[in-house]
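Below are the chains, spelled out letter by letter.
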Amino acid sequence: MIPEDVLAELDRRLEPVDAARLAAYPGESPARQPVHTCYVPADVVRPGLAAAWGYAALAALDEHGLPDLGLPADLVDQVLPRVRAKLAVEPVEDLRVDAEDGYRGSPDAEDDDVTSAAAALAAEPALPAFLGVRAKSLEGPTRRRGVRSLDLFLGGLAGAGRERAVVTLPKVTAVEQVAAFLPVLDALEQQHGLGLDLELQVETPQAVLGADGTTTLARMLHAGAGRVTGLHYGTYDYSASLGIAAAHQSSDHPAADAAKEAMQVAVAGTGARAVDGSTNVLPVGTTDQVHAAWQVHARLVRRALERGFYQGWDLHPGQLVTRYVATYAFFRAALPAAAARLGAYVSRVEGGVLDEPATARALATVVLRGLDCGALDVAEVELATGLDRAALDGLAGRRAPGGSGVVTG
């Protein structure tokens, strides 16, 4: 037997390591993740914005019809009624008011535009589940202007009865920017009574690889002291900064994949999420043009989901059609196999696939994501898996299940 003093010394030396790891990597977030972030310039935000996006998406679907997106016909038949219901009830899951690249107002108008945008949202009876603002970067020429816009927007939003909002920080180039921004967020929280989450946009090579040769993403994330909830890929700024020609700038470019894979590794186990970028191929124009844009968007959304990116950017109401069609199809197609494997795991049935707890957690999380966004219904999930929501939450590590969680009878 190994002497007790040797084991005690092993514990003594590794307990600080255990504590540091748990602090830095608390595990995956139990919170719902939106399937997208819709960016809307501050100068065009009006009352009823989210509903207007839903109406516009439905109108586009009615006018142009859905093209062939490479999906089985029976799956499309399952998905379309759900998508129409989603567009009528909750078309926008996450809204980001943009006072940065998407903003087209003049410098003299920015104060009024961000204030008006906040007032329009504050007057809404039902805001999107997730809401925030993107101001200008912390580079010298835009630093104070960006903080001023944040202050004005959050001040106008404070009366909307929300408890939290998201601040998106673009064009981050240094770990020190993240650390220096934390006292600003503290002051904004105290001033306006809103809890603030921080998203970092990965739009520069310096955000991925520092001058000292180290990977910057993880250092930026952990410098956020628990505030950072996501790393968002900036498709076009990042591609342009690498010298990629405009015609080839896309979220499926190999350079984009390299950056996003680094993002995934950086956020793993931290509770933050890696988020895909956008496509600027918009569904406008003739039916042929709209269909071509929808086919591009659906392919990119499906590709991102297959690679573990469950959220991306949408820049136009018409993109909601293919965001939800591709997303719902993904989760509905995943349910039968996930349900069978979860059932076998819970009942310890021997089969062709031997799943471990980590895999069961991933399977349960996929089902829960489908429930969260409306792709799946509670009743059909319970029927397919024999598990209720509490049991799935427990398997996914979201919270301890109440009782057995197994559906009987």
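Conventions and cut-offs
Residues numbered from 1 in each chain as written. Predicted model: local features only at pLDDT ≥ 70, side-chain atom pairs only at ≥ 80, totals over all residues. Heavy atoms only, no water. Helix = DSSP H or I, 4+ residues; strand = E, 2+ residues; numbered from the N terminus. Polar contact = N/O pair within 3.5 Å; in protein donor to acceptor, adjacent residues only side chain to side chain. Contact = heavy atoms within 4.5 Å. Buried < 20%, exposed > 50% of the residue type's maximum accessible area, 1.4 Å probe, protein only. Arc of directions from axis to C-beta. Salt bridge = Lys/Arg side-chain N within 4 Å of Asp/Glu carboxyl O. Pairing = 2+ DSSP bridges.

S.K.: Summarise the side chain of Lys 86; cite the residues concerned and give the values.
M.R.: Positionally, Lys 86 belongs in helix α3 (residues 73-89). For Lys 86, the side chain forms a polar contact with the main-chain oxygen of Cys 373, separated by 3.1 Å. Ignoring anything within four residues of it in the chain, the contact list for Lys 86 reads Arg 32, Pro 91, Glu 93, Tyr 324, Tyr 328 and Cys 373.

S.K.: I'd like to hear about helix α8 (residues 216-223), residue by residue, with values.
M.R.: Buried within α8 are the following residues: Thr 216, Leu 217, Met 220 and Leu 221. The buried residues of α8 occupy one face: seen down the axis, they fall within an arc of 130 degrees. Check the buried side of α8 and you find it contacts α6 (175-192), β5 (195-202), α7 (205-208), β6 (228-233) and α10 (254-267). With its phi angle positive at about 55 degrees, Ala 225 sits one or two positions after the end of α8.

S.K.: Can you explain the pattern of salt bridges? Please cite residues and give values.
M.R.: This structure, assessed with the given rule, holds 33 salt bridges. Arg 164 is the salt-bridge partner of Asp 197, the closest N and O atoms lying 2.9 Å from each other. Here Arg 164 lies in strand β4 (residues 164-169) and Asp 197 lies in strand β5, a separation of 33 residues in the sequence. Asp 197 sits in the buried class, given a relative accessible area of 19%. A salt bridge links Arg 332 to Glu 380, with the nearest nitrogen and oxygen atoms 2.8 Å apart. Taken as a pair, Arg 332 in helix α12 (residues 319-347) and Glu 380 in helix α14 (residues 378-385) lie far apart in primary sequence, 48 residues in all. What you see here is one network of salt bridges that share partners, running through Asp 98, Glu 100, Asp 101, Arg 134, Lys 171, Glu 203 and Asp 237.

S.K.: Run through the environment of Thr 359, naming residues and quoting values.
M.R.: Tracing the backbone shows Thr 359 in helix α13 (residues 357-373). Judged by relative accessible area, Thr 359 falls into the partly exposed class, the value being 29%. It is 9.5 Å that separates the C-alpha atoms of Thr 359 and Arg 341, two residues lying 18 residues apart in sequence.

S.K.: Quick rundown of the pairing of strand β1 (residues 36-41)? Include the residues and the values.
M.R.: Counting buried positions along β1 gives five out of six residues, so the element sits mostly inside the fold. As judged from the three bridges shared by β1 and strand β8 (residues 312-314), these two strands associate in the parallel manner. Note that in β8 the partner of Thr 37 across the bridge is Trp 313. Alignment of β1 against strand β2 (residues 94-98), held across four bridges, turns out to be parallel. Across the sheet, residue Cys 38 finds its bridge partner in β2, namely Leu 95.

Purely geometric stuff here, so don't read any function into it on its own.
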